[in-house]
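Residue-level structure breakdown
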Amino acid sequence: MAIKAGQALLESSEFGYFDIWKTAIEERTGVQITADREHALGLLLNRRMRELNLLDVDEYLTQALDVTRGAEEWSGLVDRLLVKETSFFRHGPSFDYVAQWVKETITNPDFVGPLWVWSLGCSTGEEAYSLAITVDRAMRQVGSVKGFGIIGTDISNEAIFQARRGIYRGAKMNAVDESTRADYFDQVGAQLWRVKADLRRRVCFLTSNILADKSPLIGRKIHLIYCQNMLIYFRRWKRRELVNQLTDHLDNRGCLMLGLGELANWMPEGFARVAPRVVQAYTKVKTVEQGEAL
Ligand SMILES: C[S@@+](CC[C@H](N)C(=O)[O-])C[C@H]1O[C@@H](n2cnc3c(N)ncnc32)[C@H](O)[C@@H]1O
């Protein structure tokens, strides 16, 4: 169907095109386009059609949704559409809990390092680096030499590109106190800081769609999965399905941390919520056979 350049794609929704886009986005990313996001999607699609000099909605739809030929266009759309808002140490109580949990875990005589942490939906890297700083500090405080690695994954190529560079501007650094800046960042310009190389080496970033890709973890069991502010864009049944899958990646003593309220009143099977209540964290319930060996 040909539309005039600039005509809102939303107007063509009577033909079902807009619904096809919404369904494709949700099926491929998990992200639900709610009523308040429809306008942004319509604007984005119109802008892309103008940039590509396309007048035919049908042609653009066919091109962009083609799994092979449309891969680049699709990935660009996802980059521009998804909410990637993030910050360092975004939810303070969760990071306090991570520090406490790391100390308890690594001082358990049965624990064999290194400690592996997965930041899922890590956006531009602030969350993964905050985890790295928290783990490093906790390990130093208990004098541990067990080592650790952080894996950060996100569906957005652009976000992962920025995460790997590890360079952040002034406003982003407001959440990082002076002593943390001094310990873990180098100032590389006016109002520009870069995560120190030693810490960057601990963090590996990968583009990965949690719905479509094979696990980026190559069979490795993870001790802590940290997944905040991503599932809120998914339908509730999808969140549960994903969380159940995520628990398969956890080590027996592993911990799964979500954003507060992201899965209220529900728990993955075989898991229990751990205190404090101001964070949403789960660990495996110990069976009689596993007992204290966990
Ligand atoms: C709002 S950000 C949250 C960033 C960080 N976790 C935080 O709490 O500050 C949500 C992130 O989830 C990512 N995301 C959305 N769907 C995804 C999927 N299917 N697989 C992997 N990442 C996804 C987005 O690209 C975005 O960077």
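Residues numbered from 1 in each chain as written. Predicted model: local features only at pLDDT ≥ 70, side-chain atom pairs only at ≥ 80, totals over all residues.

Let's talk about the nonpolar core
Selection criterion: To define a nonpolar core, we join buried Ala, Val, Leu, Ile, Met, Phe, Trp, Tyr and Cys residues through C-beta atoms within 7 Å and take the resulting set. For every residue, the other C-beta atoms within 10 Å of its own C-beta are counted; 20 or more classify it as buried, 12 or fewer as exposed, and values in between as partly exposed. C-beta atoms are placed from the backbone. Under the scheme used here, helices are H or I runs from DSSP no shorter than 4 residues and strands are E runs no shorter than 2 residues, and both carry numbers assigned from the N terminus. The domain boundaries here were taken from an automatic or database domain assignment. For every residue pair, C-beta atoms are placed from the backbone, and the pair is scored as a contact if these atoms sit within 7 Å.
The biggest cluster of nonpolar side chains holds 67 residues, and the ones touching the most others in it are Val-117, Val-135, Ile-225, Tyr-226 and Leu-256. Counting residues per element, this core draws most heavily on helix H6 (residues 126–141), at eight residues. Counting contributing residues, this core receives three or more from each of domain 1 (9–81) and domain 2 (92–293). Sequence-distant contacts of Ile-225, defined by excluding residues within four places in its chain, comprise Trp-118, Leu-120, Leu-246, His-249, Leu-250 and Leu-256.

A few points about the domain arrangement of the protein chain
The test is simple: Any residue outside Ala, Val, Leu, Ile, Met, Phe, Trp, Tyr, Cys, Pro, Asp, Glu, Lys and Arg is labelled polar, Gly included; the first ten of those are nonpolar and the last four are charged.
Its domain assignment divides the protein chain into domain 1 (9–81) and domain 2 (92–293). In this assembly, eight residues from domain 1 lie in contact with eleven residues from domain 2. Broken down by secondary-structure element, the contributors of at least two residues to the side of domain 1 that touches domain 2 are helix H1 (17–29) and helix H4 (71–81). Broken down by element, the side of domain 1 that touches domain 2 gets its largest block of residues, three residues, from H4. Broken down by class, the residue content of the side of domain 1 that touches domain 2 amounts to two nonpolar, four polar and two charged.

Notes on the sheet that holds strand E9 (residues 271–274)
Applicable threshold: For two strands to pair, DSSP has to find at least two bridges joining them. For helices, the axis comes from a line fit to the C-alpha atoms of the stretch in contact; other axes are also lines fit to C-alpha atoms, and the angle between any two N-to-C directions lies between 0 and 180 degrees.
Reading across the sheet, the seven strands line up as E6-E2-E1-E7-E8-E10-E9 and stay open at both edges, with mixed pairing between neighbours. At either margin of the open sheet sits one strand with a lone partner, and together these are strand E6 (203–207) and E9. Each strand axis lies, on average, 20° off the axis of its neighbour in the sheet, ignoring direction. Together, strand E2 (148–154) and E6 form the strand contacts of helix H7 (residues 157–165), whose direction differs from that of E6 by roughly 165°.

Describing unusual backbone geometry
The omega torsion across Gly-113 and Pro-114 is -5°, close enough to zero to call that bond cis. Here Pro-114 shows up in the loop between helix H5 (92–106) and strand E1 (115–120). Positioned with a positive phi, Phe-89 is a non-glycine residue whose angle comes to about 45°. Inspection of the secondary structure assignment puts Phe-89 in the loop between H4 and H5. On the basis of neighbour counts, which here come to 19 C-beta atoms within 10 Å, the residue Phe-89 falls in the partly exposed class. In this model, Ser-123 sits at a positive phi of 55°, which is unusual for a non-glycine residue. By the element assignment, Ser-123 lies in the loop between E1 and H6.

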